[in-house]
Each structure stands twice: as structure tokens, then as C-alpha cells.
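# Secondary and tertiary structure notes
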Amino acid sequence: MAKIQAIHTCGHTEEYKIAGRKNEAYWQSRYEAEACWECRKAEENIKAQLANQSNGLPALSGSEKQIAWAETLRMKSLKSIEQFIDDARKLGERQGVDQAQIDEGIGKLQAAADKIKGVALASWWIDRRDHTAQEFLREALTRG
Ligand SMILES: [Zn+2]
């Protein structure tokens, strides 16, 4: 196990353990072509925050660290919820379910999704980081 020191594009230096001596140069140039993990993570959080803002979502409350993390979680979760609702509608149509019935069901899911979108507590999103779209929607529907 060889160790290399890579200077990332963000200026941070990180040490990495590399298996296989001949891979050292490869990993060195790969690591040095990108920002370090923490800087990439921070950039991802900022991008999520901007996207959430422009989608009209409420500003999150919590510690600075919680908010940064929750922005990315919130974006991913809402995306999967939207996808789930879209899939549910398509499935209903494919199965020849009555359109009025589909609209009613989708309307309920949309209302639940809107409730979820309104949650501004960073810790709420962090607690549910492993939730599937179905779990989010079920919780919102049963909370009434
Ligand atoms: Zn960095």
C-alpha cells in the first residue's frame, strides 16, 4: 500500500493510500485534476441551495452545517417524490384506470408532496435521508 500526496485544484492537500505501485501516477493525476472531497461536497450543497431557492422552497432553519447538508438531501428527496408521482400517474394510465380516478389519486399525492416541500427544518430532512419517496408520501398522508 503506497501513500501519495495530492494537491487538489482547490489548493487542499490530501494523502491517499494506493493499492498497486504502478497506479500511483494515475491516481496522482486524477486526484490533482479535481477539488478535494470536502470542497466538492460544499459545492454540491451550494448548487442544491440555489436550485431549491429558485424552485420556491422555504429557507431551511438549523445549524450552518445541518442546512448545508439538508439542502442536498431535500433536493434529492423531492426529485424522487416527483418521479414517484409521475410514475404512479403513468402506471394508472397504462393500466387503463379511469382518468377521474387517476386525477383524484395524483391530487392527493401532490397535496402530500406540497406539505413535504413546506418543511423548513434542516434536521427533519437529515432524519429522513434514507426515506424512499413512498415513505415520505405515506408519512405526509397519514399526518392528515
Ligand atoms: Zn478542498
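Residues numbered from 1 in each chain as written. Predicted model: local features only at pLDDT ≥ 70, side-chain atom pairs only at ≥ 80, totals over all residues.

### Structural notes on the domain arrangement of the protein chain
Domain boundaries assigned for the protein chain yield domain 1 (2-35) and domain 2 (61-142). The C-alpha-based centres of domain 1 and domain 2 are spaced at 39 Å. (Domains from an automatic or database assignment.)

### Side note on the nonpolar core
Judged by nonpolar contacts, Met-75, Leu-78, Ile-81, Leu-109, Ala-112, Ile-116, Ala-133, Phe-136, Leu-137 and Ala-140 together constitute the single largest core of 10 residues. When residues of this core are traced back to their parent elements, those giving at least two are helix 3 (64-94), helix 4 (99-117) and helix 6 (133-142). No other element matches the 4 residues that helix 6 contributes to this core. Not counting residues up to four positions away in its chain, the partners in contact with Leu-109 are Ile-85, Ala-88 and Leu-137. Grouped together as the second largest cluster of nonpolar side chains are 7 residues, Ala-70, Leu-73, Ala-122 and Trp-125 included. (Core = buried A, V, L, I, M, F, W, Y, C linked by C-beta atoms within 7 Å. Buried ≥ 20, exposed ≤ 12 C-beta atoms within 10 Å, placed from the backbone. Helix = DSSP H or I, 4+ residues; strand = E, 2+ residues; numbered from the N terminus. Contact = placed C-beta atoms within 7 Å.)

### Details of the packing of helix 3 against helix 4
Taken N-terminus to C-terminus, the directions of helix 3 and helix 4 make an angle of 175°; their axes are 10 Å apart at the nearest point. Classified by the angle their axes make, helix 3 and helix 4 are roughly antiparallel. On helix 4, the residues that touch Leu-78, Ile-81, Ile-85, Ala-88, Arg-89, Gly-92 and Glu-93 of helix 3 are Ile-102, Gly-105, Ile-106, Leu-109, Gln-110, Ala-113, Ile-116 and Lys-117. When the residues that make up the contact of helix 3 with helix 4 are grouped by side-chain class, the tally is 9 nonpolar, 3 polar and 3 charged. (Axes fitted to C-alpha atoms, helices over the stretch in contact; angles between N-to-C directions. Parallel < 35°, antiparallel > 145°, perpendicular 65-115°, else oblique. Nonpolar A, V, L, I, M, F, W, Y, C, P; charged D, E, K, R; others polar.)

### Structural notes on helix 3
An ideal rise of 1.5 Å per residue puts 45 Å on 31 residues; helix 3 measures up with 45 Å between its terminal C-alpha atoms. Taking the largest bend as the criterion, helix 3 deviates by roughly 25°, centred on Ala-70. All buried positions along helix 3 are accounted for by Ile-67, Trp-69, Ala-70, Glu-71, Thr-72, Leu-73, Arg-74, Met-75, Ser-77, Leu-78 and Ile-81. The inward-facing, buried residues of helix 3 abut helix 2 (37-54), helix 4, helix 5 (122-127) and helix 6. (Expected span 1.5 Å × (residues − 1). Bend = angle between axes of the 7 residues up to and from the residue.)

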